[in-house]
Amino acid sequence: MTATTLPSLAIARRLPNLWDLVAVVVVFGALIGGLHVAQGTLVPIDTPGATEVSLDPSHLPEYAVRTTLRMFAALFASLLFTFTYGTAAAKSRRLGLVLVPVLDILQSVPILGFLTFTVVFFMRLFPGNVLGLEFAAIFAIFTSQAWNMAFSLYQSLRTVPADLAEASVSFHLTAWQRFWRLEVPFAVPGLVWNTMMSMSGGWFFVVASEAVSVGDNTWKLPGIGSYVAMALEQRDIAAVLYAILAMLVVILLYDQLLFRPLVAWSARFRFETTASSTASDPWMLRLLRRTRLLALGGHTVGRTLSAVGGMRLSFGLPRSATRLSPGKSRAVDVLCLVVLALAVGWAVWRLTSFAATELTWADLGQALLLGLITLVRVAVLMVLASLIWVPIGVWLGLRPVWARRAQPVAQFLAAFPANLLFPPFVLFIVHFQLDPDIWLTPLMVLGTQWYILFNVVAGAAAFPGDLREAATNFRIGGLLWWRKVMVPGIFTYYVTGAITASGGSWNAAIVAEVASWGDTKLTAHGLGAYIAAATDKGDMPRVVLGVAVMSAFVILFNRLLWHPLYAYAQRRLTLT
């Protein structure tokens, strides 16, 4: 080989190939299709067809694209929220005193509560335009995605192994370099799995988010959620089956094209010092690696991000300049807590003043009693879901091949709206004359139990292979293996999943405690049914009361159970 042939070979390796052509056609086809469908968001509300939904299955591809675009827009906003809010809560102890309780409050507010108070704001931003409705729907989906992802990043940043933190100090990394070269890579596996769960969680609430109401006016945005709602109203079984098929196709597509490559890519950031068995790369990742232009562009972007993450940036004053004496530090902590207490007190006073015009102490007592009933349901469901999904999640997480096979199935089941199960549940309960207070309860956990599964899978997948080998060499098995090896390794992941699963179950109570099929309507006693009934009647004082009581129960549940367990896991069970 002569010297003149070397440059020509290098140029040939950079020329586009057949795989580049296929990738470019797919990417541009998706962009053109998305832009074509998105044109419907920039028209006035009174435009014919702008807020109309048809059960003709030929419209389902367009509805599927519009719903998927809303969900990815909400997912992008959730990622921005996660890397700002979650990072601030984890990196600053004093900010964490405020931000973590606020996150508990935000997680506890039902999606109907957000819709009630935010729709008017977005409608005023874009008066008379469908874009205002779209932003309201995207924000509602955002509220079903962001909290889980923020908790995941917060958990990872707070549980970085001590030896890795000490290594970053030994290498004199700045806070910027430590964040991008140590903490974010450590958080990536768990964040990817929680991102998948958040995407599925958005599907679970898409039926409520695509029906936007202001006063006596209700608009249904074209999408799979509004299609499902209309099919249930008209008792059209065929349309329900078409919607399920459309959901399955969409979930399989973004699983194959996005999440499966992301999971395979995130495996490179596992914290371990020994080689472990991993599944083969998915076809999409292999296809991207066979391209030339796209691979070159990816390498260029990767090198650019690596250079930015490696910059020796420093923010704020040196630690010696910001370190306070113990007395002053405690004073600042007390001041932060006082400010938080004053803000909460002001909010409670405003809510009380608003509701007191039409409500009595008897109404408060009724809401608290119904909240206790829903609390019992949530507690029982969390215990059952943990007993079922923790062993399954560990088994899948330790076997990457099986985890990849189960991934699309779990995403579809997590995304499956509980509304679609109302017909068989209602017919089953009516036919056998069963108690709705008991038999409607499983609907609460259908979409939220997967938070536990996905987080446990992420924790088991990130479990260091050298610790597994050590346990095998010492012949640790059975119950001792669970108590001393696996439970400590996945416990922070489990608590993160349990926090979001319990909060999601409270929100799902609004949907699950009232089930209808045509003219048949079943109602269980609980706070969710109370809020749903008040929302249907437009009774804002009782909506506010129900949302406030639900938020109080969720916060107390988190503060008295999950956060102490989380603190214990950080102190005693974090891998070092």
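Residues numbered from 1 in each chain as written. Predicted model: local features only at pLDDT ≥ 70, side-chain atom pairs only at ≥ 80, totals over all residues. Heavy atoms only, no water.

A.B. asks: Tell me about the overall build of the chain, residues and numbers included.
C.D. replies: Looking only at helices and strands, the chain has 26 helices and four strands in total. Put simply, the chain has 576 residues, and 48% of those count as buried. Residue pairs in contact within the chain that sit at least 24 positions apart in sequence constitute 82% of those at least 6 positions apart. When the accessible area of the chain is evaluated, it comes to approximately 28,300 Å², of which 69% is carbon and sulfur surface. (Helix = DSSP H or I, 4+ residues; strand = E, 2+ residues; numbered from the N terminus. Buried < 20%, exposed > 50% of the residue type's maximum accessible area, 1.4 Å probe, protein only. Contact = heavy atoms within 4.5 Å. Areas by Shrake-Rupley, 256 points an atom, 1.4 Å probe, with all protein chains shown as cover.)

A.B. asks: Describe the packing of aromatic side chains, naming the residues involved and giving the relevant values.
C.D. replies: As enumerated under the stated definition, the model contains 23 aromatic pairs in all. Linked through ring pairs, Phe-81, Tyr-85, Phe-121, Phe-122, Phe-126, Phe-135, Phe-139, Phe-142 and Trp-147 together constitute an aromatic cluster. The ring of Trp-402 has Arg-405 sitting right over it, with the charged end atom 4.7 Å from the ring centre. (Phe/Tyr/Trp six-rings, centres within 6.5 Å; stacked < 30°, edge-to-face > 60°. Lys NZ or Arg CZ within 6 Å of the ring centre and 35° of its normal.)

A.B. asks: Any chance you could break down the nonpolar core for me, citing the residues and the numbers?
C.D. replies: Membership of the largest hydrophobic core comes to 130 residues, with the highest contact counts inside it found for Trp-203, Ile-452 and Tyr-494. In terms of residues, this core owes the most to one element, helix 24 (residues 478-512), which gives 15 residues. Two domains each donate at least three residues to this core, and these are domain 1 (18-272 + 279-316) and domain 2 (343-572). Excluding its chain neighbours within four sequence positions, the residues that come into contact with Ile-452 are Met-382, Ala-385, Ser-386, Trp-389, Val-390, Tyr-494, Gly-497, Ala-498 and Ala-501. Formed by 12 residues, the second largest nonpolar core is a distinct cluster that contains Val-119, Phe-122, Leu-133 and Trp-219. (Core = buried A, V, L, I, M, F, W, Y, C linked by side-chain atoms within 4.5 Å. Domains from an automatic or database assignment.)

A.B. asks: Would you mind going over the pattern of salt bridges in detail, with residue names and values included?
C.D. replies: In this structure the tally under the stated criterion is 10 salt bridges. Put simply, Arg-70 and Glu-134 hold a salt bridge, and the shortest N to O gap is 2.6 Å. Linking Arg-70 in helix 3 (residues 60-91) with Glu-134 in helix 6 (residues 130-143), this pair joins segments that are 64 residues apart in sequence. Note on accessibility: Arg-70 and Glu-134 belong to one class, buried. We note a salt bridge from Glu-183 to Arg-178, for which the minimum N-O separation is 2.9 Å. Linked through salt bridges whose partners overlap, the residues forming this network are Arg-66, Arg-70, Glu-134 and Glu-210. (Salt bridge = Lys/Arg side-chain N within 4 Å of Asp/Glu carboxyl O.)

A.B. asks: Give me the lowdown on the environment of Trp-265, citing residues and values where you can.
C.D. replies: Structurally, the position occupied by Trp-265 is in helix 12 (residues 237-266). Spatially, the C-alpha atom of Trp-265 lies 9.8 Å from that of Pro-282, the residues being 17 residues apart in sequence.

A.B. asks: Which residues make up the environment of His-525, and what are the values?
C.D. replies: Positionally, His-525 belongs in the loop between strand 4 (520-523) and helix 25 (527-537). A C-alpha to C-alpha distance of 9.7 Å links His-525 and Ile-438, two positions 87 residues apart in sequence. When near neighbours in sequence (up to four residues on either side) are disregarded, His-525 contacts Leu-370, Ile-373, Arg-377, Asp-437 and Glu-513.

A.B. asks: A description of the confidence of the model for the chain should follow, citing residues and the corresponding values.
C.D. replies: Predicted confidence across the chain gives a mean pLDDT of 80, with 86% of residues reaching 70 or more. Low pLDDT, under 50, characterises residues 316-324; the predicted model gives this stretch four contacts beyond four residues in sequence or across chains. (pLDDT = per-residue confidence, 0-100.)

A.B. asks: Report on a nonpolar patch on the surface, specifying residues and quantitative values.
C.D. replies: A cluster of nonpolar residues, Leu-245, Leu-248, Val-249, Leu-252, Leu-253, Leu-257, Leu-258 and Trp-283, forms a patch on the protein surface that exposes about 670 Å² of accessible area. Per-element accounting of the nonpolar patch gives the leading share, seven residues, to helix 12. Positionally, Val-249 belongs in helix 12. (Patch = residues over 30% accessible without salt bridge, like charges linked within 9 Å, V, L, I, M, F, W, Y side chains within 5 Å.)

A.B. asks: Report on unusual backbone geometry, specifying residues and quantitative values.
C.D. replies: Leave glycine aside and you will find that most residues have negative phi; peptide bonds, for their part, are mostly trans. The phi angle at Gln-433 is positive, at roughly 55°, despite the residue not being glycine. Inspection of the secondary structure puts Gln-433 in the loop between helix 19 (422-432) and helix 20 (436-439). Exposure remark for Gln-433: the relative accessible area of 72% places this residue in the exposed category. One non-glycine residue with positive phi stands out, namely Arg-475, at about 55°. Note that Arg-475 resides in the loop between helix 23 (465-473) and helix 24. A relative accessible area of 78% places Arg-475 in the exposed class.

A.B. asks: Let's hear about the packing of helix 17 (residues 361-397) against helix 25: which residues, and what values?
C.D. replies: The packing of two helices is summarised by the inter-axis angle and the distance between the axes. At a minimum axis separation of 7 Å, helix 17 and helix 25 run at an interaxial angle of 130°. Taken together, helix 17 and helix 25 sit at an angle that is classed as oblique. Judged by residue contacts, Gln-366, Ala-367, Leu-370, Gly-371 and Thr-374 of helix 17 engage Leu-527, Gly-528 and Tyr-530 from helix 25. Across the contact of helix 17 with helix 25, the residue classes break down as four nonpolar, four polar and no charged. (Axes fitted to C-alpha atoms, helices over the stretch in contact; angles between N-to-C directions. Parallel < 35°, antiparallel > 145°, perpendicular 65-115°, else oblique. Nonpolar A, V, L, I, M, F, W, Y, C, P; charged D, E, K, R; others polar.)

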